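For reference, the chains in residue letters:
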Amino acid sequence: GQNIDQPTEMTATEGAIVQINCTYQTSGFNGLFWYQQHAGEAPTFLSYNVLDGLEEKGRFSSFLSRSKGYSYLLLKELQMKDSASYLCAPNTNAGKSTFGDGTTLTVKP
Amino acid sequence: DGGITQSPKYLFRKEGQNVTLSCEQNLNHDAMYWYRQDPGQGLRLIYYSQIVNDFQKGDIAEGYSVSREKKESFPLTVTSAQKNPTAFYLCASRQRGVSSGANVLTFGAGSRLTVL
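Residues numbered from 1 in each chain as written. Chains lettered and ligands numbered in written order. Predicted model: local features only at pLDDT ≥ 70, side-chain atom pairs only at ≥ 80, totals over all residues. Heavy atoms only, no water.

Concerning the overall build of chain B
- Scanning chain B from N- to C-terminus turns up zero helices and eleven strands.
- Ordered by position from the N terminus, the helices and strands of chain B form the series β-β-β-β-β-β-β-β-β-β-β.
- Overall, the C-alpha framework of chain B stretches about 45 × 25 × 25 Å when taken along its three principal axes.
- Counting contacts in chain B only where the partners sit at least 6 residues apart, residues at least 24 apart contribute 53% of the total.
- If you sum the accessible surface of chain B, you get close to 5,700 Å²; carbon and sulfur atoms cover 47% of it.
- Side-chain charges in chain B split into 13 positive and 10 negative, and the spacing between the mean points of these groups amounts to 4 Å. (Helix = DSSP H or I, 4+ residues; strand = E, 2+ residues; numbered from the N terminus. Contact = heavy atoms within 4.5 Å. Areas by Shrake-Rupley, 256 points an atom, 1.4 Å probe, with all protein chains shown as cover. Lys, Arg positive; Asp, Glu negative; His and termini not counted. Charge placed at Lys NZ, Arg CZ, Asp CG, Glu CD.)

Here it is in structure tokens:
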């Protein structure tokens with residue numbers, strides 16, 4: 001099985017930077033996804049890391065350390081529309097795709 | 001446009017009734033997934049299927065059933081054995097493969113089931 005841990009809630013100010021951490025324990029690990037989900041909507045893909053290191057994509061970056069079972073999502077220049085849940089999802093070789101409980105981010109003016 | 005269609009978007013059910021949620025994709029994806037989401041919670045995996053005529057239980061399969069007779073279709077039946085079925089149900093699909101892009105899940109818009 002998989003054990004995925006993320007903070008439940010975070011609050012940040014518009015224009016700031018926020019880091020959302022995720023730790024996981026899983027067998028057959030084959031990369032880690034981050035998804036964004038606005039209330040009442042389906043999740044949308046943000047990033048995918050399979051190798052150790054930092055992947056940058058515009059205002060969003062994601063980091064992975066396979067040996068530590070650790071990832072983080074970094075959001076820069078926060079905007080009000082970034083208020084959403086952020087879901088960490090380790091991928092496995094067996095095709096099973098499970099999610100953490102998500103981190104609800106509130107961006108305040 | 002390619003995508004995943006879930007229907008109905010909203011569904012009300014009386015206790016003791018079975019109900020089937022539809023999920024259709026025209027992305028030619030091999031793998032399909034069903035998730036349940038309760039308010040303020042993450043996604044929990046119910047069932048998944050990597051090829052036609054084969055599927056596996058996820059973490060919360062009890063009270064649910066699925067079939068995968070066609071590549072594009074993966075319906076979910078919520079049976080009367082599911083004690084607390086009121087939830088938001090999401091269907092997803094992805095291609096199987098070794099490239100990173102192949103593993104990204106594409107989600108449908110979801111079906112919200114309420115038991116009266």
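As for the state of the cysteines
Residue and element names in this part refer to chain A.
- Across all of its chains, the model carries two disulfides over all chains by this definition.
- There is a disulfide in this structure between C22 and C88, and the S-S distance comes to 2.0 Å. Because the sign of the S-S torsion sets the handedness, a value of about -65° for the bond joining C22 and C88 places this disulfide among the left-handed ones. Of this pair, C22 sits in strand β3 (residues 18-25) while C88 sits in strand β9 (residues 84-92); the two residues are 66 residues apart in sequence, bridging distant segments of the chain. (Disulfide = S-S within 2.5 Å.)

Section: the sheet that holds strand β2 (residues 9-13) of chain A
All names here are of chain A.
- Ordered in space as β2-β10-β9-β4-β5, the five strands form an open sheet in which the pairing is mixed. Looking at the sheet topology across the chains shown, the edges are occupied by β2 and β5 (44-49). Across the sheet, the mean angle separating the axes of adjacent strands is 25° when strand polarity is ignored.
- Here strand β4 (residues 29-37) pairs with β9 via seven bridges, running antiparallel. Each bridged residue has a counterpart across the sheet, and for Y35 the counterpart in β9 is L87. (Pairing = 2+ DSSP bridges. Axes fitted to C-alpha atoms, helices over the stretch in contact; angles between N-to-C directions.)

Nothing here speaks to function; it is geometry throughout.
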